Amino acid sequence: LTVPRVDDLEEYHGIVKALGDVGVDAKETKEIEAAIAGILALGNLEFGDEENDAHAYVSDPDTCALAAELLGSTPALMENALLKATLKVSKDEAYTIELDPTKAAQGRDAFCKAVYQRVFDHLVKRVNRSLGEELQALPGGASDMRFIGLLDVFGFEIFEVNSFEQLCINFANEKLQNFFLRSVFK
């Protein structure tokens, strides 16, 4: 896929520089990249069931192994986590059940979303910490305060805390609004 006027390598270097600007070192950058690559690999993972017996299996063990390695796990643990669910029925009693392909895919997607959310929250904390450190170093104090502002397009949902998913929605809305304004006024 080629996007006109977009240089992937330039974009990548811009992201790495931005991470460095907020104090993320090279080792942590690689960990973030590995987590995202692992999630992308999991997104390519498909599940099948032999002779419709309703128990899912991983269709491509190599993709599962790659995702496990990138996410710091083992293929066996990753497969087990994706194909089985543990139901705790009481304090001392739990059952492990095998998932069908649909439930396995839903679990995979929920897992991916949770990891993305944690990476996003971590980066927000890093940005906030970086801004706090910069504020302490400024001679003028709060009057010279720097900030990052995100315009939240008016909508019907009100959240106490915006999630990664909401940021993506807002970002897409901003891009659409920008395209509209340029098209109308150009």
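Predicted, not measured: the structure shown is a model, and the values here were computed from it.

Participant: Residue-level account of the overall build of the protein, with values.
Facilitator: Summing up its helical and strand segments, the protein has six helices and four strands in all. When the helices and strands of the protein are placed in sequence order, the string is α-α-β-β-α-α-β-β-α-α. Expressed as a percentage of its 186 residues, the buried residues of the protein come to 20%. Relative to all contacts within the protein whose residues are 6 or more apart in sequence, the contacts with residues 24 or more apart total 46%. Roughly 14200 Å² of accessible area belongs to the protein as shown, and the carbon and sulfur atoms make up 58% of that amount.

Participant: Break down the pairing of strand β4 (residues 94-98) for me, with residues and values.
Facilitator: As paired elements, strand β3 (residues 84-88) and β4 share five bridges and run antiparallel to each other. Note on β4: the bridge partner recorded for Leu87 is Tyr95. With antiparallel pairing between neighbouring strands as the criterion, β3 and β4 make up a hairpin whose turn holds five residues.

Participant: Which residues make up unusual backbone geometry, and what values go with them?
Facilitator: Phi is positive for Arg5, which is not a glycine, with a value near 60°. Along the chain, the position of Arg5 falls in the segment before α1 (8-21).

Participant: Describe the packing of α1 against helix α2 (residues 26-43), and please don't skip the residues or the numbers.
Facilitator: Following both chains from N to C, one finds α1 and α2 inclined at 125°, their axes separated by 10 Å at the closest point. Of the possible angle classes, the one that applies to α1 and α2 is oblique. Seen along the crossing, α1 lies across α2 with a hand that is right-handed. Taking contact as the criterion, the partners of Tyr12, Val16 and Leu19 in α1 are, on α2, Thr29, Lys30 and Glu33. Grouping the amino acids of the contact of α1 with α2 by side-chain chemistry returns three nonpolar, one polar and two charged.

Participant: Quick one: what's the story with the nonpolar core, residue by residue and with numbers?
Facilitator: Core analysis: the biggest nonpolar cluster contains 24 residues, and Leu42, Leu45, Phe47, Val58, Cys64, Met78 and Leu82 have the highest contact counts within it. Breaking this core down by element, the ones donating at least two residues are α2, β2 (56-58), α3 (61-70), α4 (75-83) and α5 (101-137). Here Met78 is in contact with Leu42, Cys64, Ala67, Ala68, Leu71 and Ser73, once residues within four sequence places are set aside.

Participant: Report on the pattern of salt bridges, specifying residues and quantitative values.
Facilitator: Counted by the stated rule, this structure contains six salt bridges. With its nearest N and O atoms 2.9 Å apart, the salt bridge here joins Lys27 to Glu31. With a gap of four residues between them, Lys27 and Glu31 both fall in helix α2, about one helical turn apart. For Glu31, a relative accessible area of 44% corresponds to the partly exposed category.

Participant: So, a nonpolar patch on the surface: which residues are in play, and what are the values?
Facilitator: Together, Leu87, Val89, Tyr95 and Ile97 give the surface a local cluster of nonpolar side chains, amounting to about 360 Å² of exposed area. Tracing the sequence through the fold places Tyr95 in strand β4.

Participant: Describe the packing of α3 against α4, listing the residues and the values that go with them.
Facilitator: The description of two helices packed together rests on the angle between their axes and the distance between the axes. At a closest axis distance of 8 Å, the pairing of α3 and α4 adopts a crossing angle of 105°. Taken together, the axes of α3 and α4 are roughly perpendicular relative to one another. Where α3 approaches α4, its residues Pro61, Cys64, Ala65, Ala67 and Ala68 are matched on the opposing element by Pro75, Met78, Glu79 and Leu82. When the residues that make up the contact of α3 with α4 are grouped by side-chain class, the tally is eight nonpolar, no polar and one charged.

Participant: Please give an account of the side chain of Thr29 that cites residues and values.
Facilitator: Tracing the chain through its elements places Thr29 in helix α2. Non-local contacts of Thr29, meaning those with residues more than four positions away in its chain, are made with Val16, Leu19 and Val24.

Participant: Give me the lowdown on α4, citing residues and values where you can.
Facilitator: Inspection of α4 places Met78, Leu82 and Leu83 among the buried residues, and these make up the whole buried set. For α4, the buried positions fall inside an angular range of 115° around the axis, keeping them on one side. In α4, the exposed residues that point more than 90 degrees away from the buried face are Ala76, Leu77 and Ala81.

Cut-offs and rules
Residues numbered from 1 in each chain as written. Predicted model: local features only at pLDDT ≥ 70, side-chain atom pairs only at ≥ 80, totals over all residues. Heavy atoms only, no water. Helix = DSSP H or I, 4+ residues; strand = E, 2+ residues; numbered from the N terminus. Buried < 20%, exposed > 50% of the residue type's maximum accessible area, 1.4 Å probe, protein only. Contact = heavy atoms within 4.5 Å. Areas by Shrake-Rupley, 256 points an atom, 1.4 Å probe, with all protein chains shown as cover. Pairing = 2+ DSSP bridges. Axes fitted to C-alpha atoms, helices over the stretch in contact; angles between N-to-C directions. Parallel < 35°, antiparallel > 145°, perpendicular 65-115°, else oblique. Left-handed = near helix turned anticlockwise from the far one by under 90°. Nonpolar A, V, L, I, M, F, W, Y, C, P; charged D, E, K, R; others polar. Core = buried A, V, L, I, M, F, W, Y, C linked by side-chain atoms within 4.5 Å. Salt bridge = Lys/Arg side-chain N within 4 Å of Asp/Glu carboxyl O. Patch = residues over 30% accessible without salt bridge, like charges linked within 9 Å, V, L, I, M, F, W, Y side chains within 5 Å. Arc of directions from axis to C-beta.

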